[in-house]
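Inside the fold
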Amino acid sequence: MADKPAEGGEKKLSKKELRILERQQQTAKSAAGGEDADPSKFGDAPLIQSVEITNRRWVKVSEIDESLAGQTVWVRARLHTSRGKGKCAFLVLRDQYSTVQAVVFQSETVPKGMVKYASSISKESMIDVEALVSVVQTPVESVSQKTVELAVQKLFTISPSINLPFQIEDASRPDPEFEKPDCTYVRVNPDTRLDSRFIDLRTPANLAIMRIQHGVGQLFREFLLKEGFIEIHSPKLIAGSSEGGASVFRFKYFDLPACLAQSPQLAKQMAIMSDLERVFEIGPVFRAEDSNTHRHLCEFVGLDMEMAI
């Protein structure tokens, strides 16, 4: 597997965030300082600019199992949790919904500074790890890859996290946990989640929702394609309402009146009359329903089909 590109599109850091990043980097350098410092084994990686091919063997966390025992692999993942204890550090690496335990033990090949550096990396940072896969005698219950662990040989921070607005663990807890009388957990408010939606989407529940949506759309598409249907893509910016009995979102389109499509119904009927016979569409639908409920249909993904009989 080829080297992965660096994450792009990051917003410009504020002065406060830059100061926090500088302090984190100084802390990491202090932890990794002294005679144990070895930039070839650990540290903050330079900016990835795709200027070289390293031929590293990259493996996803979900692919790490007993079949890779005894092999050395490279893993790029987020640091979910870390815990330092004396001459060792325990890390949990997360890639989407999969997690695996990684251990950093001080040895002849792993300097003490590397253990300190591993303990100082902030949560949710993107890191690269070269590690030896080994089978554990006792299953690791706190991760998804329970039968294996990684013995870290090299460790580099690719993209450090800065000043997280909330913890993934707090955002991942189900509502019943907060209803217990002795609850001491921190509840993440909806406004906080939406302000940092890209972090909120990392929770297992939100990842599962995305995959379920994908699965439903894929099954709908596969079934209709087998039945001879053609997928169409109708316009969503139209001159007038596309379906009576429902309110529309109106706006100006280059000084002309327009609205968001309430339904692809008219487009489907025109497609049928153009002799396509069987058509379907998976796309957004907009309806201006001024409702006071928590869930109503202002915007949703419609699964529409039309056929000649």
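Before going into details, it helps to say that this report is about the structure given with it.

Rules used throughout
- Residues numbered from 1 in each chain as written.
- Predicted model: local features only at pLDDT ≥ 70, side-chain atom pairs only at ≥ 80, totals over all residues.
- Heavy atoms only, no water.
- Core = buried A, V, L, I, M, F, W, Y, C linked by side-chain atoms within 4.5 Å.
- Buried < 20%, exposed > 50% of the residue type's maximum accessible area, 1.4 Å probe, protein only.
- Helix = DSSP H or I, 4+ residues; strand = E, 2+ residues; numbered from the N terminus.
- Contact = heavy atoms within 4.5 Å.
- Patch = residues over 30% accessible without salt bridge, like charges linked within 9 Å, V, L, I, M, F, W, Y side chains within 5 Å.
- Areas by Shrake-Rupley, 256 points an atom, 1.4 Å probe, with all protein chains shown as cover.
- Salt bridge = Lys/Arg side-chain N within 4 Å of Asp/Glu carboxyl O.
- Pairing = 2+ DSSP bridges.

As for the nonpolar core
Core analysis: the biggest nonpolar cluster contains 29 residues, and Ile64, Leu91, Leu93, Val104, Leu150 and Leu155 have the highest contact counts within it. Within the residue set of this core, elements represented by two or more residues are strand S2 (72–85), strand S3 (88–95), strand S4 (98–105), helix H2 (112–120), strand S5 (126–135) and strand S6 (148–159). The contacts of Leu150, once residues within four sequence positions are left out, are Ile64, Val75, Leu93, Val100, Gln101, Ala102, Val103, Ala131, Leu132 and Val133. Among the nonpolar cores identified, the runner-up in size contains five residues, and Phe166, Ile168, Ala171 and Val188 belong to it.

Here's the deal with a nonpolar patch on the surface
A cluster of nonpolar side chains, Ile212, Val216, Val301 and Leu303, forms an exposed patch at the surface whose accessible area comes to about 370 Å². Counting only elements with at least two residues in the nonpolar patch, the list comes to helix H7 (204–226) and strand S12 (299–307). Judged by relative accessible area, Val216 falls into the partly exposed class, the value being 43%.

Description of the sheet that holds strand S7 (residues 230–231)
Pairing is mixed in the open sheet, where three strands are placed in the order S7-S11-S12. Edge strands, defined here as strands with exactly one partner in the open sheet, are S7 and S12. One ladder, built from two bridges, connects S7 with strand S11 (residues 278–286); its direction is parallel. Residue pairing in the sheet places Glu231 in a bridge with Phe280 of S11.

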